Amino acid sequence: MSGDRWFEGLAQATGGVAPTRAPARLKSKVYSALIAQMGESGSLLDLTETKKAGGRLCVFENSLTILPVGTDIGAMNPCRICHARVLGERMEHAPIFWPGCPYSEFHKR
Amino acid sequence: MEPPSGVAGQSQSGVESLAAVCDERELVASVLRKDRKAAARFVAAHIDAVYAYTRHRLTPRAELADDVVQDVFLAALNGLAAFQGQSSLRAWLIGITRHKIEDVYRQRLRVPEARDDAGADGEEPYSDDTPLDEQIDAGRARERARRALAQLPERYGLMLWWRYWEHRSTRDMAAAIGTTEKSVERTLARARARFKELWLREERDVR
């Protein structure tokens, strides 16, 4: 059997792959990278606006919306300094259970 | 009076697909407004498909999949304003993924080949005329092939995968990596020989 034919047969016999889900830590990393890139070209949508648009905020984001400080704070990205992001990007099945936290959502199975 | 069930089914699916298009447009608009929660929905909705596709096409070097997937989403974010909605968002993302994977193949295979196996030129030690479907159980064979591919030098693994699992012609491969068809054929012959050695070794280990 020629080399080509043997390999064509092998590829045909082994071509199918089981569906694969992305690891939760990859989802977390990709999300962090997207948010960082969004932030590079200007402020993120203000958290109050995000909430109005139907986005569910986590407890830290919520607290930023009610702090009596400058208006720019709502466009900050508190995930940058949050332990949930760190765990989410480094572990599979990370123990993060904050409602409204995207990292927590990525790790739900 | 209710319409016949076939018509009802069609209009139902029409409504569903229209709703899906509206949802996608809304999602895209929200991401473009830099809504972080929309970005999370965007990732959650599509990353499994992008990842599965990438893993499959990069089987010989699955460890590259994470970086490729991240690149795909970053490129998608950059190009999202130009997304017209003529295809589904997922199809559009898979299109970007396809290009990124082609880039990986081109970059990895353009590197000059190290001739660490000069004696293996065109040698194909394995000869088995038994029909393949009688020899193998598909699941075990898939795993065995994956292991053998993973042990090959990167260049060989990618070459074999591109040629046989992805059905690329040697002419296409040569054009993509800037070499001659003859050179691709020579590398493939060496890659096949190495693969078959590993394949046989796996067989011996099982016995």
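Within each chain, residues carry numbers counting from 1 in the order of the written sequence. Following the order in which they are written, the chains are lettered starting with A and the ligands numbered starting with 1. Residues qualify for local features only when their pLDDT is at least 70, as the model is predicted, and side-chain atom pairs are given and counted only at 80 or more; totals for whole chains, interfaces and linings, by contrast, use all residues.

1. Concerning the overall build of chain A
For clarity, the cut-off: Counting from the N terminus, the helices are DSSP H or I runs at least four residues long and the strands are E runs at least two residues long. Any residue whose C-beta has 12 or fewer other C-beta atoms within 10 Å is treated as exposed, any with 20 or more as buried, and any in between as partly exposed, C-beta atoms being built from the backbone. Contact between two residues is assigned when their C-beta atoms, built from the backbone, lie within 7 Å.
Within chain A one finds six helices and zero strands. Written out in order from the N terminus, the α and β elements of chain A read α-α-α-α-α-α. Within chain A, the fraction of its 109 residues that count as buried is 36%. Taking all contacts inside chain A whose residues are at least 6 apart in sequence as the whole, residues at least 24 apart take part in 48%.

2. A word on the overall build of chain B
Across its full length, chain B carries nine helices and zero strands. Secondary structure elements of chain B, listed N to C terminal, follow the sequence α-α-α-α-α-α-α-α-α. Considering chain B as a whole, with its 207 residues, one finds that 31% of them fall into the buried category. Considering only contacts within chain B whose residues lie at least 6 apart along the sequence, 71% involve residues at least 24 apart.

3. Digging into the environment of Glu61(A)
All names here are of chain A. You can see Glu-61 is positioned in helix α4 (residues 59-66). Residue classification places Glu-61 among the buried residues on the basis of 25 C-beta atoms within 10 Å. Apart from the residues within four sequence positions on either side, Glu-61 is in contact with Leu-47, Pro-78 and Gly-100.

4. Section: the domain arrangement of chain B
Residue and element names in this part refer to chain B. Going by this rule: The domain boundaries here were taken from an automatic or database domain assignment. In this classification, Asp, Glu, Lys and Arg are treated as charged, Ala, Val, Leu, Ile, Met, Phe, Trp, Tyr, Cys and Pro as nonpolar, and every other residue, Gly included, as polar.
If you check the domain split of chain B, you get domain 1 (14-110) and domain 2 (127-206). Taken together, the nine residues of domain 1 in the interface contact 15 residues of domain 2. Residues of the side of domain 1 that touches domain 2, tallied by class, amount to three nonpolar, one polar and five charged.

5. Here we look at the interface of chain B and chain A
Every contact between the two is made by 37 residues of chain B and, on the other side, 34 residues of chain A. Of all elements in the fold, only α2 (36-57), α3 (65-79), α5 (132-135), α6 (138-151), α7 (154-165) and α9 (181-206) of chain B reach the threshold of two or more residues within the side of chain B that touches chain A. In terms of residue count, the dominant contributor to the side of chain B that touches chain A is α2(B) (12 residues). Here the side of chain B that touches chain A is composed, by residue class, of 20 nonpolar, four polar and 13 charged.

6. A word on the packing of helix α2 (residues 24-40) of chain A against helix α5 (residues 83-90) of chain A
Two numbers describe a pair of packed helices, the interaxial angle and the distance between the axes. All names here are of chain A. Heads up, the rule is: Orientation is described by axes fitted as lines to C-alpha atoms, over the contacting stretch for helices, and by angles from 0 to 180 degrees between their N-to-C directions. Throughout this description, any angle smaller than 35 degrees is read as roughly parallel, any larger than 145 degrees as roughly antiparallel, any in the 65 to 115 degree range as roughly perpendicular, and the remainder as oblique.
Following both chains from N to C, one finds α2 and α5 inclined at 125 degrees, their axes separated by 6 Å at the closest point. Overall, the two elements α2 and α5 adopt an arrangement that is oblique. Contacts from Arg-25, Ser-28, Lys-29 and Ser-32 of α2 reach α5 at Arg-85, Gly-88, Glu-89 and Arg-90. Here the contact of α2 with α5 is composed, by residue class, of no nonpolar, three polar and five charged.

7. A closer look at the confidence of the model for chain B
Residues and elements named next belong to chain B. To keep it simple, the criterion reads: By definition, pLDDT measures how confident the predictor is in each residue, and it falls between 0 and 100.
Summary statistics for chain B give a mean pLDDT of 80 and a share of 74% for residues scoring 70 or more. For chain B, α5 is the element with the lowest average pLDDT, namely 49, and α3 is the one with the highest, namely 96. In this model residues 1-10 is a low-confidence stretch, pLDDT under 50, and it forms two contacts with partners more than four residues away in sequence or in other chains. Taken as a whole, residues 116-123 scores under 50 in pLDDT and shows 10 contacts with residues more than four places along the chain or in a different chain. For this predicted complex, the interface score ipTM comes out at 0.86, alongside a pTM of 0.73.

8. Notes on the nonpolar core
Definition in use: Among buried residues, those of type Ala, Val, Leu, Ile, Met, Phe, Trp, Tyr and Cys that are joined through C-beta atoms within 7 Å form a set called a nonpolar core.
Val30(A), Leu34(A), Ala39(B), Val43(B), Val69(B), Met159(B) and Leu160(B) are the most contacted members of the largest nonpolar core, which totals 53 residues. The element best represented in this core is α2(B), accounting for nine residues. Two domains each put at least three residues into this core: domain 1 (14-110) and domain 2 (127-206) of chain B. Every residue in contact with Val69(B), bar those within four places of it in the chain, is listed here: Ala22(A), Leu26(A), Val30(A), Ile47(B), Val50(B), Tyr51(B) and Thr54(B).

9. Quick notes on the environment of Ala76(B)
Among the secondary structure elements, Ala76(B) is positioned in helix α3. Distance from Ala76(B) to Thr97(B), taken between C-alpha atoms, is 9.5 Å for residues 21 residues apart in sequence.

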